[in-house]
Amino acid sequence: MSLSFDRIKEKLNILADAAKYDVSCSSSGSVRKNTTQSLGDSSGMGICHSYTEDGRCVSLLKILLTNHCIFDCAYCVTRKSNDVQRAAFKIQEVVDLTINFYRRNYIEGLFLSSGIFKSPDYTMERLVAVAKKLRLEENFNGYIHLKSIPGASDELMREAGLYADRLSVNIEVPTISGLKLLAPDKKHEDFTKPMLKVKNEIIQYKSEKKIIKSTPKYAPAGQSTQMIVGATGESDKDIMYSATHYYKNYNMKRVYYSGYVPVAEDSRLPAIGTQVPMLRENRLYQTDWLLRFYGFGVRELLNNDHPNLDMDVDPKLGWALRNMEYFPVDINKADKSVLARVPGLGMKSVHKIISARKFRKLNWEHLKKIGVALNRAKYFIVCDSSKWEHRDMEGTKIKGLILQNSTGKFRKEYSSQLQLFS
Amino acid sequence: MNATKTLIYDGSFNGFLTAVFVAFEEKILVSDIQKNVVAQSGLFSETQTIFTQIDKAKRVWNGIHKKSHSAIKDIYFAFLSENNGVELLLYRFICKMFAGTTSIATDYSDGIVLKISQLARSVGREKHRMEAFVRFQLTKDEIYFANIEPDFDVLPLISKHFRSRYADQQWLIYDVKRKYGIYFDLDQVEIISLDLNEIHTNSLNKSAHFEDEEYNYQDLWNNYFRSTNIKSRINLKLHTQHVPKRYWKYLSEKKAV
């Protein structure tokens with residue numbers, strides 16, 4: 001193997017390893033049609049080309065431009081004081097890797113982030129230069145996700161959106177007090193300023209496009225952010241209220257939740273070797289889904305009486321057990337929004353039920369075939385059958401029955417946790 | 001009264017649609033519809049060979065299309081599943097469609113409808129998998145080449161995707177199991193058959209057909225794949241659920257190094 005490939009390989013290993021804690025892998029939501037017989041075409045549907053051994057999707061070449069950094073954020077593996085190997089890609093090297101991986105159908109595109117070297121603008125300029133080269137010199141229509149560097153200027157953020165499909169700033173620490181503790185060099189405004197700029201540009205470009213059709217696209221896949229879970233002592237309520245704030249005020253497409261993987265010995269953080277809170281992360285994503293697709297309000301799921309999600313049951317079931325007065329629901333009559341609140345019914349099942357019940361009244365057999373998780377749903381519904389759960393049971397009783405008659409992939413984790421606290 | 005008959009067709013989708021046309025036109029009581037390569041004569045039914053006629057196939061296609069947009073896709077996808085007996089299932093489905101005045105394609109409480117929608121979904125999943133799992137290797141004559149071995153006959157379904165994505169490179173995707181491929185020559189996609197004397201998997205042995213640089217990129221990809229994994233979150237069960245083992249031999253990132 002030639003010398004330059006060896007060097008690239010070394011850089012790739014360092015800079016992919018440092019980028020992997022960013023969990024976003026989305027490559028969807030942006031349509032770039034290949035109209036000039038050139039390279040790449042995005043239909044708006046993302047493709048996961050592979051999955052790592054930790055079960056996460058590999059859709060984009062996710063790398064840092066460099067892991068040199070002038071900041072010293074405690075949670076970050078590339079922080080200034082950490083004793084790790086440093087490397088930096090040249091702009092052309094990232095372009096070549098992206099194009100050659102894309103041509104072989106390994107990836108949907110590039111996700112480029114970076115440590116902050118010299119200054120935020122100096123760094124952001126280089127990220128923009130990679131995207132610009134891909135679009136203008138290589139005529140590349142694949143997906144590009146650029147990180148908005150905290151503190152970058154409005155002009156650069158404006159340019160970034162012209163070449164990137166998605167922009168993101170990771171808020172990382174869900175609360176302002178946590179941020180002060182873990183990233184004393186960064187101000188909360190450094191994160192929100194580029195977010196606000198991107199949000200406003202998206203709105204402006206969209207409204208201009210309505211009048212002038214040739215208006216270029218600006219970050220068509222929107223922006224996203226990420227929060228670390230379990231690094232500081234925040235509650236699930238803190239996290240989800242914060243997430244709701246970003247969805248609402250910055251029109252976020254996605255908020256990602258990343259169970260903290262200890263990367264340093266630091267008295268402010270969980271010790272190295274502490275288990276990654278994967279179950280908690282999973283429950284937060286379920287909650288996020290309920291808010292975005294199932295019509296739930298965040299205050300219904302998390303409030304002062306219930307500041308944390310149940311570990312042993314999913315958040316929808318948890319809500320249902322606390323609100324038994326809503327049930328039972330009649331499968332053959334209830335509205336879509338009511339069906340969506342029944343534990344064991346996903347939106348796909350809801351749509352199938354609504355289609356199928358136009359032809360005949362549905363009974364247990366139909367529901368089973370459609371794919372409803374009856375082991376949970378049966379306590380909350382009636383259908384075209386006299387055999388339904390007549391007993392007027394307390395939520396806790398139902399919960400016991402459901403747990404008894406099912407297995408969950410995290411069961412081992414919380415049953416040991418339960419023993420710990422009982 | 002007509003006796004029941006088994007219809008024998010050439011295995012193509014148009015052939016199948018022609019069989020449906022003939023069955024309707026001649027009011028045949030169909031006991032089965034079979035491909036000519038696998039045809040077994042039933043003990044009590046006679047057989048009739050169907051000759052594919054595009055115009056007749058087209059009339060059936062248009063007829064279904066008029067009834068329901070989504071049904072036509074489900075029927076084509078389910079057909080490509082090559083599932084044993086899928087032809088008869090589809091025939092019954094089409095009869096049902098034409099018998100009623102309303103579209104039945106979303107009646108998921110009906111056994112046949114549900115089965116076809118499930119088959120179509122499996123084929124759709126395999127199509128999506130192949131769009132993800134194709135790994136091109138650059139040959140010395142500048143063709144991006146990939147072998148695949150999909151569960152279902154999805155080449156006709158993925159052609160458009162690759163055509164619009166890789167419009168400025170020559171590429172060839174060859175189905176090892178069904179012994180045919182699709183080749184894009186920078187102008188159009190052709191169906192081709194090849195005498196492959198070796199199947200190109202992710203083997204460690206370098207083939208003389210490929211550039212050295214090709215192996216460098218495979219090496220880089222393989223390295224990337226390992227570097228991006230978080231060891232403290234390992235979940236091999238989830239990994240193999242998403243990337244079932246039968247696909248591994250064509251994935252360069254799963255090469256044993």
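The shown structure was predicted, so the numbers you read here are calculated from the model rather than taken from an experiment.

Draft legend 1. Just the overall build of chain A, in detail. On a plain count of helices and strands, chain A comes out with 16 helices and twelve strands. On C-alpha atoms alone, chain A measures out to a radius of gyration of 24 Å, which is about the 22 Å that the 2.2 N^0.38 rule sets for 422 residues. Considering only C-alpha atoms, chain A reaches an extent of 75 × 55 × 45 Å along its principal axes. Across the 422 residues in chain A, those meeting the buried criterion constitute 44%. Sequence separation of at least 24 residues holds for 68% of the intrachain contacts in chain A that already meet a minimum separation of 6.

Draft legend 2. Structural context of the domain arrangement of chain B. Residue and element names in this part refer to chain B. For chain B, the assigned domains read domain 1 (4-125) and domain 2 (134-254). Between domain 1 and domain 2, the C-alpha centre-to-centre distance is 33 Å. Split into classes, the residues belonging to the side of domain 1 that touches domain 2 amount to two nonpolar, one polar and one charged.

Draft legend 3. Layout of the domain arrangement of chain A. Residues and elements named next belong to chain A. Each assigned domain of chain A is listed with its residue range as follows: domain 1 (3-301) and domain 2 (315-421). Of all the secondary-structure elements, those providing two or more residues to the side of domain 1 that touches domain 2 are helix 8 (278-293) and helix 9 (298-301). Per element, the largest residue contribution to the side of domain 1 that touches domain 2 is seven residues, and it comes from helix 8. Its residues placed into classes, the side of domain 1 that touches domain 2 shows five nonpolar, four polar and two charged.

Draft legend 4. View of the interface of chain B and chain A. Chain B puts 39 residues into the contact, and the matching count from chain A is 45 residues. Taken together, the elements giving at least two residues each to the side of chain B that touches chain A come down to helix 5 (111-133), helix 6 (155-165), helix 7 (212-227) and helix 8 (236-242) of chain B. Of all the elements, helix 7 of chain B adds the most residues to the side of chain B that touches chain A, at nine residues. Of the residues belonging to the side of chain B that touches chain A, the class tally is 18 nonpolar, 13 polar and eight charged.

Draft legend 5. Up close: the pairing of strand 6 (residues 109-113) of chain A. Residues and elements named next belong to chain A. Taken across its five residues, strand 6 has five buried, putting it largely inside the fold. Two elements, strand 5 (residues 60-64) and strand 6, share five bridges in a ladder whose sense is parallel. The residue bridging Leu-61 from the neighbouring strand is Leu-110, located in strand 6. One crossover worth recording links strand 5 to the parallel strand 6 by way of helix 2 (residues 91-103), and it is right-handed. Pairing between strand 6 and strand 7 (residues 143-147): four bridges, direction parallel. Note on strand 7: the bridge partner recorded for Gly-109 is Tyr-143. The handedness of the strand 6 to strand 7 crossover, carried by helix 3 (residues 120-136), is right-handed.

Draft legend 6. Highlighting helix 6 of chain B. Residue and element names in this part refer to chain B. Turning to helix 6, its buried residues number three or more, namely Leu-155, Leu-157, Ile-158, Phe-162 and Arg-165. For helix 6, the angular spread of the buried residues around the axis is 145°, confining them to a single face. Looking at the buried residues of helix 6, the elements they touch are helix 5, strand 6 (170-175) and strand 7 (180-184).

Draft legend 7. Looking closely at the sheet that holds strand 5 of chain A. Residue and element names in this part refer to chain A. The strand order across the open sheet formed by six strands is 5-6-7-8-9-10, and the pairing between neighbours is parallel. Single-partner strands in this sheet number two, and they are strand 5 and strand 10 (254-259). Looking at each pair of strands side by side, their axes are set apart by 20° on average, direction ignored. Lying on the sheet, helix 3 is in contact with strand 6 and strand 7; it crosses strand 7 at an angle near 170°.

Draft legend 8. Quick look at the environment of Glu-214 of chain B. Residues and elements named next belong to chain B. Mapped onto the fold, Glu-214 is located in helix 7. The class for Glu-214 is buried, based on 22 C-beta atoms found within 10 Å. Between the alpha carbons of Glu-214 and Ser-68 there is a distance of 47 Å; along the sequence they are 146 residues apart. With residues near it in sequence (within four places) discarded, Glu-214 still touches Gln-137 and Leu-138.

Draft legend 9. Quick peek at helix 7 of chain B. Given a rise of 1.5 Å per residue, 16 residues ought to cover 22 Å, and the 23 Å separating the end C-alpha atoms of helix 7 of chain B matches this to within 8%. All of the buried residues in helix 7 of chain B are Glu-214, Tyr-217, Gln-218, Leu-220, Trp-221, Tyr-224, Phe-225 and Ser-227 of chain B.

Draft legend 10. The sheet that holds strand 5 (residues 143-148) of chain B, seen in detail. All names here are of chain B. Strand order in the open sheet formed by five strands is 4-5-6-7-8, with mixed pairing between adjacent strands. In the strand order of this sheet, the two ends are held by strand 4 (137-138) and strand 8 (189-192), each with one partner. Bridge count for strand 5 against strand 6 is six bridges, and the pairing is parallel. Across the sheet, Ala-146 pairs through a bridge with Ile-173, a residue of strand 6.

Draft legend 11. Molecular detail of the pairing of strand 7 of chain B. Residues and elements named next belong to chain B. Looking at chain direction, strand 6 and strand 7 are connected through five bridges and run antiparallel. The residue of strand 7 that forms the bridge with Ile-173 is Ile-182. With antiparallel pairing between neighbouring strands as the criterion, strand 6 and strand 7 make up a hairpin whose turn holds four residues, including Lys-179 at a positive phi of roughly 55°. Of the strand pairs in this sheet, strand 7 and strand 8 are connected by four bridges, and their pairing is antiparallel. Paired with Phe-184 across the bridge in strand 8 is Val-189. Between strand 7 and strand 8, which pair antiparallel in sequence order, lie four residues; one of them, Leu-186, sits at a positive phi of approximately 80°.

Draft legend 12. Summary view of unusual backbone geometry. The step from Phe-327 of chain A to Pro-328 of chain A runs through a cis peptide bond, and the omega angle for that step is 0°. Structurally, Pro-328 of chain A is set in the loop between helix 10 (315-322) and strand 11 (329-330). Phi at Asn-139 of chain A is positive, roughly 50°, even though this residue is not glycine. Structurally, Asn-139 of chain A is set in the loop between helix 3 and strand 7. Owing to 14 C-beta atoms within 10 Å, Asn-139 of chain A belongs among the partly exposed residues under this scheme. The backbone of Glu-82 of chain B sits at a positive phi, close to 55°, despite the residue not being glycine. Within the fold, Glu-82 of chain B resides in the loop between helix 3 (69-79) and helix 4 (86-99).

Rules used in this analysis
- Residues numbered from 1 in each chain as written.
- Chains lettered and ligands numbered in written order.
- Predicted model: local features only at pLDDT ≥ 70, side-chain atom pairs only at ≥ 80, totals over all residues.
- Helix = DSSP H or I, 4+ residues; strand = E, 2+ residues; numbered from the N terminus.
- Rg over C-alpha atoms; globule rule 2.2 N^0.38 Å.
- Buried ≥ 20, exposed ≤ 12 C-beta atoms within 10 Å, placed from the backbone.
- Contact = placed C-beta atoms within 7 Å.
- Domains from an automatic or database assignment.
- Nonpolar A, V, L, I, M, F, W, Y, C, P; charged D, E, K, R; others polar.
- Pairing = 2+ DSSP bridges.
- Right-handed = clockwise from strand over helix to strand, strands pointing away.
- Arc of directions from axis to C-beta.
- Axes fitted to C-alpha atoms, helices over the stretch in contact; angles between N-to-C directions.
- Expected span 1.5 Å × (residues − 1).

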